[in-house]
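Commentary on secondary and tertiary structure
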Amino acid sequence: MQPLRILFISIEGNTRNFVENLTAYAAKQHASDASLPTITATEISEASDFVAETQPYFCFVPTYLNGGNGIDNGVKELMTNVLGEYIAYGQNATHLLGVVGSGNRNFNEQYCLTAKRYAAKFNAPFVANYELRGVPRDEARVYDALVTRAKEVIGA
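The notes below deal with the structure included here. (Residues numbered from 1 in each chain as written. Predicted model: local features only at pLDDT ≥ 70, side-chain atom pairs only at ≥ 80, totals over all residues. Heavy atoms only, no water.)

Spatially, the five strands line up as an open sheet ordered β2-β1-β3-β4-β5, and their pairing is parallel. On the outer flanks of this sheet lie β2 (39-43) and β5 (126-131), each paired with one strand and no other. Mean inter-strand twist for the sheet, computed between neighbouring axes without regard to direction, equals 25 degrees. Pairing analysis gives five bridges linking strand β1 (residues 4-8) to β2, with the strands arranged parallel. Residue pairing for β2: Leu7 is matched across the bridge by Thr42. (Pairing = 2+ DSSP bridges. Helix = DSSP H or I, 4+ residues; strand = E, 2+ residues; numbered from the N terminus. Axes fitted to C-alpha atoms, helices over the stretch in contact; angles between N-to-C directions.)

Written out as structure tokens, the structure reads:
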């Protein structure tokens with residue numbers, strides 16, 4: 001299987017930390033079973049140039065909201081907009097395999113709300129979630145979800 005591609009945005013470093021740990025976990029899995037994919041990750045930021053994506057990828061997005069509860073009185077997305085703009089650029093959304101979200105479970109219904117909104121907007125499944133920086137068992141769970149989804153869409 002080809003390496004799994006991840007595009008992500010990290011505001012406070014939590015998503016970057018999780019993606020780095022997930023990438024290391026994938027490398028260990030690949031080392032013990034070459035049929036399991038590694039991960040290549042690209043951080044999207046305000047400084048990123050938008051390019052036409054040509055290969056399948058997953059996106060990882062944290063939730064940062066400013067105003068509204070996201071349920072019945074609106075929502076104002078904060079700080080992760082550039083990733084959404086990148087995915088919306090050209091035909092990039094057609095290559096999106098799925099969305100992984102993170103956030104703080106203390107925010108109840110708002111937990112992973114941005115990822116759920118991206119999934120709906122770009123017609124891609126919400127494949128996994130983890131809280132804040134995640135924990136080691138999240139790495140295995142999220143990796144398995146990515147591998148399963150990739151196999152469903154692009155085969156082994």
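Of note, Thr80 is situated in the loop between β3 (57-62) and α2 (81-88). In sequence terms Thr80 and Ile11 are 69 residues apart; their C-alpha atoms lie 7.8 Å from each other.

A word on the pairing of β3. Working note: regular strand, side chains alternate between the two faces of the sheet. Burial within β3 is extensive, with six of its six residues counted as buried. A two-sided burial pattern is seen for β3, the buried positions comprising Tyr57, Cys59 and Val61 on one face and Phe58, Phe60 and Pro62 on the other. Alignment of β1 against β3, held across three bridges, turns out to be parallel. In the strand pairing of β3, Phe8 is matched with Phe60. The pairing of β3 with strand β4 (residues 96-103) spans six bridges and is classified as parallel. The residue of β4 that forms the bridge with Val61 is Gly101. (Buried < 20%, exposed > 50% of the residue type's maximum accessible area, 1.4 Å probe, protein only.)

Scanning the model with the defined rule gives six aromatic pairs in all. Between Phe50 and Tyr89, the ring centres sit 5.6 Å apart and the planes meet at 75 degrees, which makes this aromatic pair edge-to-face. Of this pair, Phe50 sits in the loop between β2 and β3 while Tyr89 is found in the loop between α2 and β4, placing the two residues 39 residues apart along the sequence. Overall, Phe50 belongs to the partly exposed group, its relative accessible area being 31%. Ring pairs connect the aromatic residues Phe18, Phe60 and Tyr130, which therefore count as one cluster. In this arrangement the basic side chain of Lys116 is found over the ring face of Phe126, its NZ or CZ atom lying 5.9 Å from the centre. (Phe/Tyr/Trp six-rings, centres within 6.5 Å; stacked < 30°, edge-to-face > 60°. Lys NZ or Arg CZ within 6 Å of the ring centre and 35° of its normal.)

One can find Phe60 in strand β3. Phe60 sits 19 residues away from Ala41 along the chain, and the two C-alpha atoms are 9.9 Å apart.

Another aspect to go through is the packing of helix α1 (residues 14-32) against helix α4 (residues 136-154). Where α1 contacts α4, the two axes come as close as 10 Å, and the packing angle between them is 70 degrees. By the angle between their directions, the pair α1 and α4 is classed as roughly perpendicular. Residues Phe18, Asn21, Leu22, Tyr25, Ala26 and Gln29 of α1 form the contact with α4, whose own contacting residues are Asp138, Glu139, Ala140, Val142, Tyr143 and Leu146. Here the residues of the contact of α1 with α4 sort into eight nonpolar, two polar and two charged. (Parallel < 35°, antiparallel > 145°, perpendicular 65-115°, else oblique. Contact = heavy atoms within 4.5 Å. Nonpolar A, V, L, I, M, F, W, Y, C, P; charged D, E, K, R; others polar.)

Within α2, the full set of buried residues consists of Val82, Leu83, Gly84, Tyr86 and Ile87. Turning to α2, the residues buried within the fold contact β1, β3, β4 and α3 (113-121). Following α2 by one or two positions, Gly90 adopts a phi angle in the positive range, close to 55 degrees.

Any link to function would need more than the numbers given here.
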